[in-house]
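Read off the chains here:
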Amino acid sequence: MIIDTFVCKYWTKGDYKMKLVFATGNKGKLREAAEILGEGFELVTPADLGIHDEVEETGDTLKANSILKAEDLWRRCGCDCFADDTGLEVDALGGDPGVHTARYAGESKDFNENMDKVLHELNVVECESHMAADYGLKIKKMPRTARFKSVVTLILDGRKYFFEGTLEGRIAKQKSGNGGFGYDPIFIADEYPDRSLADITEEQKNEISHRGKALRAMAEFLKNRG
């Protein structure tokens, strides 16, 4: 089904704005994207267009899942749109959760459970390392280093464009802060080494975030296209 082009294309209300459909139902991500892209853009969600079911994320990379979501939305509405897929990579866990970030503890996408699982698994790894050391084995200290990666797929007039962003940091020992969303309470960015992402302001987070970097690159690309 192609949605009425009135909601898909560009519109003018005093100032020129570009209307894009963002493939998300996450209010935190929507708010973050709107703040990062700024006043030159009007974001519409699939729910605004009557689309409520989500595409199954079967890709084995962040880029693949980003493409799946963007292409599904394009087929459904025929509108200029974009989708992102974001993953948390923890070095001591072999890069997990990775593409399973949103569903790490199960299909409910409960991020408190996801964070608890990451903290538990890191504790297990560290305990095993300490036990090995007690037996006289030389074990390299397990780092808590981690990073967020985002890949944004933009479909503009049927053509795909890609934008990426990375945020380096480490996993905290416990949750902290009431802001942000997702894994923010346990992620400490290198730029703010004494606070979690949930402890800093939205403005501070947007300046350094993985998704912010990818979205700013997309916004710059669109502005340069005029």
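Residues numbered from 1 in each chain as written. Predicted model: local features only at pLDDT ≥ 70, side-chain atom pairs only at ≥ 80, totals over all residues. Heavy atoms only, no water.

Before going further, it helps to spend a moment on the nonpolar core. Judged by nonpolar contacts, the single largest core of 22 residues is most densely connected at Leu88, Val90, Val118, Ile171, Tyr183, Phe187 and Leu197. Among the secondary structure elements, those contributing two or more residues to this core are β4 (81-90), α3 (111-134), β6 (145-156), β7 (159-171) and β8 (187-189). Counting residues per element, this core draws most heavily on α3, which supplies five residues. Other than its neighbours up to four places away in sequence, Leu88 contacts Gly95, Asp96, Pro97, Gly98, Thr101, Ala146, Arg147, Phe148, Ile171, Tyr183 and Phe187. (Core = buried A, V, L, I, M, F, W, Y, C linked by side-chain atoms within 4.5 Å. Buried < 20%, exposed > 50% of the residue type's maximum accessible area, 1.4 Å probe, protein only. Helix = DSSP H or I, 4+ residues; strand = E, 2+ residues; numbered from the N terminus. Contact = heavy atoms within 4.5 Å.)

Our next topic: helix α1 (residues 27-37). Every buried residue belonging to α1 is among Gly28, Lys29, Glu32, Ala33, Ile36 and Leu37, and all of these are buried. The buried residues of α1 occupy an angular sector of 150° when the element is viewed end-on, so they sit on one face. For α1, the capping residue at the N-terminal end is Asn26, with a side-chain oxygen 2.8 Å from the backbone nitrogen of Gly28. Looking at the residues trailing α1, positive phi occurs at Gly38, about 85°. (Arc of directions from axis to C-beta. Polar contact = N/O pair within 3.5 Å; in protein donor to acceptor, adjacent residues only side chain to side chain.)

Attention now moves to the layout of surface pockets. As a volume, the largest pocket reaches approximately 820 Å³. What lines the largest pocket is a set of 38 residues, among which Thr24, Asn26, Lys29, Lys69 and Lys109 lie closest to the centre. Counting only elements with at least two residues in the lining of the largest pocket, the list comes to α1, α2 (62-77), β4 and α5 (210-225). The residue makeup of the lining of the largest pocket, split by class, is 14 nonpolar, ten polar and 14 charged. (1 Å grid on protein atoms, 1.4 Å probe; cavity = no way out; pocket = protein on both sides within 12 Å on 5 of 7 lines; lining within 4 Å. Points joined across faces, edges and corners; volume = space filled by probe spheres on them. Nonpolar A, V, L, I, M, F, W, Y, C, P; charged D, E, K, R; others polar.)

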